[in-house]
Amino acid sequence: MMSEAFYETGEAVGQYLFFHYGKITDYMPYPQGPVEAFGFPVRVVTGMVDSSTLPPSPRALDLGCAVGRTSFELARFCGEVVGIDASARFIEAAQAMQREGRLEHDVLIEGARRMQVTAEAPVDVDRTRVDFRVGDAQALPDDLGAFDLVVAANLIDRLPDPAACLARMESLVKPGGRLVITSPYTWLIDYTPKQNWLYSPDGDTPTRDIIARALGPAFTLEHHTDLPFLIREHARKYQWSVAEGTRWMRGV
Ligand SMILES: C[S@@+](CC[C@H](N)C(=O)[O-])C[C@H]1O[C@@H](n2cnc3c(N)ncnc32)[C@H](O)[C@@H]1O
(Lines give C-alpha, C1' and ligand atoms only; values in the text may rest on other atoms or scores of the structure.)
Protein backbone atom coordinates (compact mmCIF):
# COMPACT_ATOMS: atom_id res chain seq x y z
CA MET A 1 0.00 0.00 0.00
CA MET A 2 1.58 3.29 -1.10
CA SER A 3 -0.61 6.22 -0.12
CA GLU A 4 -1.18 8.39 2.92
CA ALA A 5 -3.48 5.64 4.32
CA PHE A 6 -0.30 3.57 4.85
CA TYR A 7 0.71 5.87 7.72
CA GLU A 8 -2.47 4.89 9.62
CA THR A 9 -1.65 1.16 9.59
CA GLY A 10 -0.20 -0.90 12.43
CA GLU A 11 2.54 -2.07 10.02
CA ALA A 12 3.64 1.55 9.46
CA VAL A 13 3.58 2.33 13.19
CA GLY A 14 5.85 -0.65 13.89
CA GLN A 15 8.12 0.15 10.94
CA TYR A 16 8.55 3.79 12.01
CA LEU A 17 8.98 3.00 15.73
CA PHE A 18 11.82 0.67 14.68
CA PHE A 19 13.23 3.29 12.25
CA HIS A 20 13.19 5.96 14.97
CA TYR A 21 14.13 4.01 18.11
CA GLY A 22 15.54 0.59 17.04
CA LYS A 23 19.03 -0.39 18.18
CA ILE A 24 21.54 -0.83 15.37
CA THR A 25 22.24 -4.43 16.43
CA ASP A 26 18.54 -5.27 15.87
CA TYR A 27 17.86 -2.92 12.95
CA MET A 28 20.94 -3.57 10.81
CA PRO A 29 22.71 -6.66 12.19
CA TYR A 30 24.64 -7.31 8.97
CA PRO A 31 28.28 -6.13 9.04
CA GLN A 32 28.12 -5.86 5.21
CA GLY A 33 25.17 -3.45 5.44
CA PRO A 34 25.24 0.35 4.99
CA VAL A 35 25.50 1.07 8.71
CA GLU A 36 26.22 4.76 8.05
CA ALA A 37 22.60 5.08 6.87
CA PHE A 38 21.31 4.05 10.31
CA GLY A 39 19.83 6.63 12.71
CA PHE A 40 18.41 9.12 10.23
CA PRO A 41 15.89 10.77 12.64
CA VAL A 42 18.83 11.65 14.93
CA ARG A 43 21.20 12.69 12.10
CA VAL A 44 18.60 15.13 10.74
CA VAL A 45 19.34 17.14 13.88
CA THR A 46 23.05 16.43 14.44
CA GLY A 47 23.90 16.84 10.74
CA MET A 48 21.61 19.69 9.72
CA VAL A 49 21.00 21.95 12.71
CA ASP A 50 23.64 24.34 14.02
CA SER A 51 22.28 25.23 17.47
CA SER A 52 24.90 28.00 17.86
CA THR A 53 23.00 30.06 15.24
CA LEU A 54 19.74 29.88 17.24
CA PRO A 55 18.67 32.07 20.19
CA PRO A 56 18.75 30.58 23.71
CA SER A 57 15.92 28.09 24.38
CA PRO A 58 14.63 28.19 20.80
CA ARG A 59 11.11 27.23 19.75
CA ALA A 60 11.08 24.44 17.13
CA LEU A 61 8.54 22.75 14.87
CA ASP A 62 8.96 19.18 13.59
CA LEU A 63 6.57 18.93 10.63
CA GLY A 64 5.70 15.35 9.68
CA CYS A 65 7.18 14.17 12.99
CA ALA A 66 5.82 10.60 12.65
CA VAL A 67 6.52 8.72 15.94
CA GLY A 68 8.60 11.52 17.38
CA ARG A 69 12.33 10.75 17.56
CA THR A 70 13.48 13.93 15.81
CA SER A 71 11.23 16.01 18.11
CA PHE A 72 12.92 14.45 21.17
CA GLU A 73 16.37 15.14 19.69
CA LEU A 74 15.36 18.79 19.17
CA ALA A 75 14.25 18.93 22.83
CA ARG A 76 17.92 18.48 23.85
CA PHE A 77 18.49 22.19 23.09
CA CYS A 78 15.04 23.66 22.36
CA GLY A 79 12.80 25.02 25.12
CA GLU A 80 9.66 24.06 23.23
CA VAL A 81 9.11 21.64 20.36
CA VAL A 82 5.83 21.19 18.51
CA GLY A 83 5.60 17.91 16.58
CA ILE A 84 2.84 17.75 13.98
CA ASP A 85 1.82 14.79 11.85
CA ALA A 86 -1.29 13.96 9.82
CA SER A 87 -1.37 10.36 11.08
CA ALA A 88 -3.39 9.95 14.28
CA ARG A 89 -1.79 6.51 14.80
CA PHE A 90 1.72 8.00 14.60
CA ILE A 91 0.83 10.81 17.02
CA GLU A 92 -0.70 8.26 19.46
CA ALA A 93 2.57 6.29 19.36
CA ALA A 94 4.65 9.49 19.80
CA GLN A 95 2.52 10.48 22.80
CA ALA A 96 2.90 6.99 24.30
CA MET A 97 6.70 7.32 23.92
CA GLN A 98 6.49 10.71 25.61
CA ARG A 99 4.39 9.40 28.52
CA GLU A 100 6.04 6.03 29.12
CA GLY A 101 9.48 6.44 27.56
CA ARG A 102 9.04 3.01 25.96
CA LEU A 103 6.62 1.10 23.79
CA GLU A 104 6.41 -2.61 22.95
CA HIS A 105 5.70 -3.33 19.32
CA ASP A 106 6.40 -6.00 16.75
CA VAL A 107 8.22 -5.99 13.45
CA LEU A 108 8.23 -8.39 10.54
CA ILE A 109 10.95 -11.02 10.33
CA GLU A 110 9.73 -12.96 7.28
CA GLY A 111 6.45 -14.41 6.02
CA ALA A 112 4.08 -14.16 8.98
CA ARG A 113 6.91 -14.41 11.52
CA ARG A 114 7.28 -11.35 13.69
CA MET A 115 9.45 -10.34 16.64
CA GLN A 116 8.67 -8.25 19.71
CA VAL A 117 10.91 -5.26 20.29
CA THR A 118 10.81 -2.36 22.73
CA ALA A 119 11.18 1.20 21.48
CA GLU A 120 13.00 3.26 24.10
CA ALA A 121 13.16 7.05 24.15
CA PRO A 122 16.54 8.64 24.87
CA VAL A 123 16.82 8.84 28.68
CA ASP A 124 18.66 12.18 28.84
CA VAL A 125 15.96 14.28 27.15
CA ASP A 126 13.22 16.31 28.86
CA ARG A 127 10.31 14.84 26.92
CA THR A 128 7.83 17.27 28.49
CA ARG A 129 9.22 20.00 26.21
CA VAL A 130 7.45 18.36 23.24
CA ASP A 131 3.82 18.92 22.26
CA PHE A 132 2.65 16.32 19.72
CA ARG A 133 -0.43 17.20 17.66
CA VAL A 134 -2.34 15.76 14.71
CA GLY A 135 -2.36 18.30 11.90
CA ASP A 136 -2.00 18.96 8.20
CA ALA A 137 1.28 20.57 7.12
CA GLN A 138 -0.58 22.24 4.25
CA ALA A 139 -3.26 23.81 6.43
CA LEU A 140 -1.59 24.72 9.72
CA PRO A 141 -3.66 26.75 12.18
CA ASP A 142 -3.08 30.51 12.10
CA ASP A 143 -2.48 30.59 15.86
CA LEU A 144 0.48 28.17 15.73
CA GLY A 145 2.86 31.13 16.09
CA ALA A 146 6.36 31.43 14.67
CA PHE A 147 9.46 29.28 15.25
CA ASP A 148 13.22 29.76 15.47
CA LEU A 149 13.64 26.40 13.73
CA VAL A 150 11.36 24.37 11.48
CA VAL A 151 12.31 20.84 10.40
CA ALA A 152 10.46 19.02 7.61
CA ALA A 153 12.18 15.63 7.30
CA ASN A 154 11.14 13.50 4.34
CA LEU A 155 7.76 15.20 4.22
CA ILE A 156 7.46 17.27 1.03
CA ASP A 157 7.26 14.34 -1.40
CA ARG A 158 4.41 12.89 0.67
CA LEU A 159 2.19 15.98 0.36
CA PRO A 160 -0.49 16.61 -2.29
CA ASP A 161 0.65 20.25 -2.52
CA PRO A 162 4.26 20.65 -1.35
CA ALA A 163 4.49 24.21 -2.75
CA ALA A 164 1.56 25.27 -0.51
CA CYS A 165 3.43 23.94 2.51
CA LEU A 166 6.63 25.75 1.49
CA ALA A 167 4.76 29.01 0.82
CA ARG A 168 3.61 28.98 4.49
CA MET A 169 7.25 28.91 5.73
CA GLU A 170 7.76 32.66 5.51
CA SER A 171 5.11 33.20 8.19
CA LEU A 172 6.18 30.13 10.20
CA VAL A 173 9.93 30.80 10.54
CA LYS A 174 10.94 33.85 12.57
CA PRO A 175 13.23 36.41 10.89
CA GLY A 176 16.77 35.08 11.39
CA GLY A 177 15.42 31.57 12.00
CA ARG A 178 16.30 28.38 10.18
CA LEU A 179 14.39 25.87 8.08
CA VAL A 180 15.69 22.33 7.50
CA ILE A 181 14.17 20.30 4.67
CA THR A 182 15.23 16.78 3.82
CA SER A 183 13.80 14.70 1.00
CA PRO A 184 14.80 11.89 -1.35
CA TYR A 185 12.43 13.57 -3.86
CA THR A 186 10.52 10.32 -4.45
CA TRP A 187 7.63 11.88 -6.37
CA LEU A 188 4.69 9.48 -6.69
CA ILE A 189 1.19 10.18 -8.01
CA ASP A 190 -0.23 8.20 -5.05
CA TYR A 191 0.80 11.10 -2.82
CA THR A 192 1.28 14.12 -5.10
CA PRO A 193 -0.51 14.88 -8.40
CA LYS A 194 2.14 15.14 -11.10
CA GLN A 195 1.49 18.83 -11.76
CA ASN A 196 2.55 19.53 -8.15
CA TRP A 197 5.88 17.64 -8.23
CA LEU A 198 8.81 19.92 -7.43
CA TYR A 199 11.26 18.76 -10.05
CA SER A 200 12.92 19.86 -13.22
CA PRO A 201 11.41 17.93 -16.20
CA ASP A 202 14.59 18.48 -18.27
CA GLY A 203 16.91 17.81 -15.34
CA ASP A 204 18.63 21.18 -15.81
CA THR A 205 17.62 22.67 -12.49
CA PRO A 206 18.59 21.18 -9.13
CA THR A 207 15.48 20.48 -7.05
CA ARG A 208 16.85 22.75 -4.34
CA ASP A 209 16.55 25.68 -6.78
CA ILE A 210 12.90 24.76 -7.34
CA ILE A 211 12.41 24.63 -3.55
CA ALA A 212 14.08 28.05 -3.32
CA ARG A 213 11.50 29.44 -5.74
CA ALA A 214 8.62 27.94 -3.73
CA LEU A 215 10.04 29.36 -0.48
CA GLY A 216 10.38 32.84 -1.96
CA PRO A 217 13.09 35.50 -1.57
CA ALA A 218 12.87 35.56 2.26
CA PHE A 219 14.99 32.36 2.38
CA THR A 220 18.65 31.84 1.50
CA LEU A 221 20.21 28.41 1.12
CA GLU A 222 22.89 28.03 3.80
CA HIS A 223 23.93 24.38 3.57
CA HIS A 224 23.13 21.26 1.57
CA THR A 225 24.32 17.69 1.90
CA ASP A 226 23.41 14.05 1.22
CA LEU A 227 21.76 12.11 4.04
CA PRO A 228 21.43 8.36 3.46
CA PHE A 229 18.72 6.51 5.32
CA LEU A 230 17.53 2.97 5.68
CA ILE A 231 13.91 1.80 5.89
CA ARG A 232 13.70 -1.83 7.00
CA GLU A 233 10.88 -3.80 5.34
CA HIS A 234 11.73 -7.18 6.89
CA ALA A 235 14.76 -8.97 8.29
CA ARG A 236 16.36 -9.36 4.84
CA LYS A 237 14.98 -6.41 2.90
CA TYR A 238 15.76 -2.72 3.26
CA GLN A 239 15.21 0.41 1.20
CA TRP A 240 18.45 2.43 1.06
CA SER A 241 17.73 6.01 0.01
CA VAL A 242 19.61 9.29 -0.03
CA ALA A 243 17.73 12.37 1.07
CA GLU A 244 19.05 15.77 0.13
CA GLY A 245 19.27 17.89 3.26
CA THR A 246 18.98 21.65 2.79
CA ARG A 247 19.18 24.33 5.47
CA TRP A 248 17.69 27.76 4.78
CA MET A 249 18.03 31.02 6.64
CA ARG A 250 15.04 33.33 6.86
CA GLY A 251 16.21 36.88 6.25
CA VAL A 252 15.70 39.47 9.00
C1 LIG B 1 8.29 9.54 4.98
S2 LIG B 1 7.53 9.89 6.53
C3 LIG B 1 8.80 10.82 7.37
C4 LIG B 1 8.57 10.87 8.86
C5 LIG B 1 9.67 11.46 9.70
N6 LIG B 1 9.83 12.89 9.49
C7 LIG B 1 10.97 10.74 9.47
O8 LIG B 1 11.92 11.36 8.97
O9 LIG B 1 11.03 9.56 9.82
C10 LIG B 1 6.34 11.13 6.07
C11 LIG B 1 5.52 11.62 7.25
O12 LIG B 1 4.70 12.71 6.84
C13 LIG B 1 3.44 12.55 7.42
N14 LIG B 1 2.47 13.30 6.59
C15 LIG B 1 1.98 12.98 5.37
N16 LIG B 1 1.13 13.94 4.93
C17 LIG B 1 1.12 14.90 5.89
C18 LIG B 1 0.44 16.14 6.04
N19 LIG B 1 -0.39 16.60 5.10
N20 LIG B 1 0.66 16.87 7.15
C21 LIG B 1 1.49 16.42 8.12
N22 LIG B 1 2.14 15.24 8.05
C23 LIG B 1 1.97 14.49 6.95
C24 LIG B 1 3.19 11.07 7.43
O25 LIG B 1 2.16 10.69 8.31
C26 LIG B 1 4.57 10.58 7.84
O27 LIG B 1 4.71 10.56 9.22
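How each quantity is defined
Residues numbered from 1 in each chain as written. Predicted model: local features only at pLDDT ≥ 70, side-chain atom pairs only at ≥ 80, totals over all residues. Near = placed C-beta within 6 Å. Nonpolar A, V, L, I, M, F, W, Y, C, P; charged D, E, K, R; others polar. Core = buried A, V, L, I, M, F, W, Y, C linked by C-beta atoms within 7 Å. Buried ≥ 20, exposed ≤ 12 C-beta atoms within 10 Å, placed from the backbone. Helix = DSSP H or I, 4+ residues; strand = E, 2+ residues; numbered from the N terminus. Expected span 1.5 Å × (residues − 1). Pairing = 2+ DSSP bridges. Axes fitted to C-alpha atoms, helices over the stretch in contact; angles between N-to-C directions. Contact = placed C-beta atoms within 7 Å.

Asks: When you look at the site of the ligand in this model, what are you seeing that I'm missing?
Replies: Taken together, 20 residues lie near the ligand, and Y7, G64, A66, A86 and A137 sit nearest. For the shell around the ligand, the per-class residue count stands at 12 nonpolar, 4 polar and 4 charged.

Asks: I would appreciate a short explanation of the nonpolar core in the present structure.
Replies: Across soluble globular proteins, nonpolar side chains show a tendency to be buried alongside one another. With 63 residues, the main nonpolar core has L17, V67, F90, A93, V150 and V151 as its most contacted residues. Among the elements that make up this core, the one with the highest residue count is helix 1 (residues 10–21) (7 residues).

Asks: I'm lost on helix 1 in this one. Help?
Replies: In an α-helix, one turn spans 3.6 residues, which is why side chains three or four residues apart end up on the same side. End to end, helix 1 covers 16 Å across 12 residues, agreeing with the expected 16 Å (1.5 Å per residue, within 8%). Most of helix 1 sits inside the fold, with 10 of its 12 residues counted as buried. Of the residues making up helix 1, those classed as buried are A12, V13, G14, Q15, Y16, L17, F18, F19, H20 and Y21.

Asks: Please explain the sheet that holds strand 6 (residues 147–153) as it appears in this structure.
Replies: Paired through backbone hydrogen bonds, the strands of a sheet run either parallel or antiparallel to each other. Overall, mixed pairing links the 7 strands, which are arranged 5-2-1-6-7-9-8 in an open sheet. Only two strands of the sheet have a single partner each, and these edge strands are strand 5 (130–134) and strand 8 (219–234). Sheet twist, expressed as the mean angle between neighbouring strand axes with direction ignored, is 15°. Those strands touched by helix 3 (residues 40–48) are strand 6, strand 7 (173–183), strand 8 and strand 9 (237–250), and its axis lies near 160° from that of strand 8.

Asks: Explain unusual backbone geometry here, please?
Replies: Glycine aside, residues mostly have negative phi angles, and peptide bonds mostly take the trans form. A positive phi angle, near 50°, is found at S57, a position not held by glycine. Residue S57 is classed as exposed on the basis of its 11 C-beta neighbours within 10 Å. Backbone geometry places Y185, a non-glycine residue, at a positive phi of 55°. The residue Y185 is located in the loop between strand 7 and helix 8 (207–215) in this model.

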